[in-house]
Amino acid sequence: MAKVTKTWKIGEHAKGGIITVEITGKIICVIGKEWDVSAGYKRSSNQSNAKEFTRGTAEATDPNSENKLRYFLEDLTLYYYADEIMEWIKSKVHLKQYGEF
């Protein structure tokens, strides 16, 4: 199982400023992180030591996974960024829809 990870450094438009998505097989994990100001304030700063403060997980095989992830993301950030992140997730893994076998 390959693990795919992407991090968005959104800053003041997201709680904590950083959102990371990890996809391992059919498990999708969205992680909210607090910006590590000791590493710098710029978007180019190394935020690998940012502290996790929340995590939402969904299985791609769950027919309600897209709604769960979208609601979680919209609680963390603006609709625009939530939509950008959802589009990236859907480009990496197929999310099962209701009525789909």
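Bear in mind the structure is a predicted one, so any value in this text is a computation, not a measurement. (Residues numbered from 1 in each chain as written. Predicted model: local features only at pLDDT ≥ 70, side-chain atom pairs only at ≥ 80, totals over all residues. Heavy atoms only, no water.)

### A word on the packing of aromatic side chains
The geometry of an aromatic ring pair is captured by the separation of the ring centres together with the interplanar angle, meaning the angle of the planes.
Argument step 1. For the coordinates displayed, the defined rule picks out two aromatic pairs.
Argument step 2. With a centroid separation of 5.1 Å and 80 degrees between ring planes, the pair formed by Y80 and Y81 is classed as edge-to-face. (Phe/Tyr/Trp six-rings, centres within 6.5 Å; stacked < 30°, edge-to-face > 60°.)

### Digging into the environment of A50
Argument step 1. Note on placement: A50 falls in the loop between β3 (27-34) and β4 (51-59).
Argument step 2. Exposure remark for A50: the relative accessible area of 11% places this residue in the buried category.
Argument step 3. Apart from the residues lying within four places of it in its own chain, the contact partners of A50 are I18, K33, E34 and D36. (Helix = DSSP H or I, 4+ residues; strand = E, 2+ residues; numbered from the N terminus. Buried < 20%, exposed > 50% of the residue type's maximum accessible area, 1.4 Å probe, protein only. Contact = heavy atoms within 4.5 Å.)

### Some points on the sheet that holds strand β1 (residues 3-9)
Argument step 1. Taken in spatial order, the four strands make up an open sheet running β1-β2-β3-β4, and their pairing is antiparallel. At either margin of the open sheet sits one strand with a lone partner, and together these are β1 and β4. The sheet shows a mean angle of 15 degrees between the axes of neighbouring strands, direction not considered.
Argument step 2. For β3 and β4, the ladder comprises eight bridges, and the chain directions are antiparallel. (Pairing = 2+ DSSP bridges. Axes fitted to C-alpha atoms, helices over the stretch in contact; angles between N-to-C directions.)

### A look at the side chain of E66
Argument step 1. Summarising the element assignment, E66 is placed in helix α1 (residues 65-76).
Argument step 2. Under the relative-accessibility criterion, E66 is labelled buried at 16%.
Argument step 3. Polar side-chain contacts of E66 include one of 3.2 Å to the side chain of K90.
Argument step 4. Setting aside chain neighbours within four positions, we find E66 in contact with M86, K90, L95 and Q97. (Polar contact = N/O pair within 3.5 Å; in protein donor to acceptor, adjacent residues only side chain to side chain.)

### Structural notes on the packing of α1 against helix α2 (residues 79-92)
Argument step 1. Across the interface, α1 lies against α2 with an axial gap of 9 Å and an inter-helix angle of 145 degrees. Note on packing geometry: the crossing formed by α1 with α2 is right-handed. Residues E66, L69, R70, L73 and E74 of α1 form the contact with α2, whose participating residues are Y79, A82, D83, I85, M86 and K90.
Argument step 2. Split by residue class, the contact of α1 with α2 holds six nonpolar, no polar and five charged. (Left-handed = near helix turned anticlockwise from the far one by under 90°. Nonpolar A, V, L, I, M, F, W, Y, C, P; charged D, E, K, R; others polar.)

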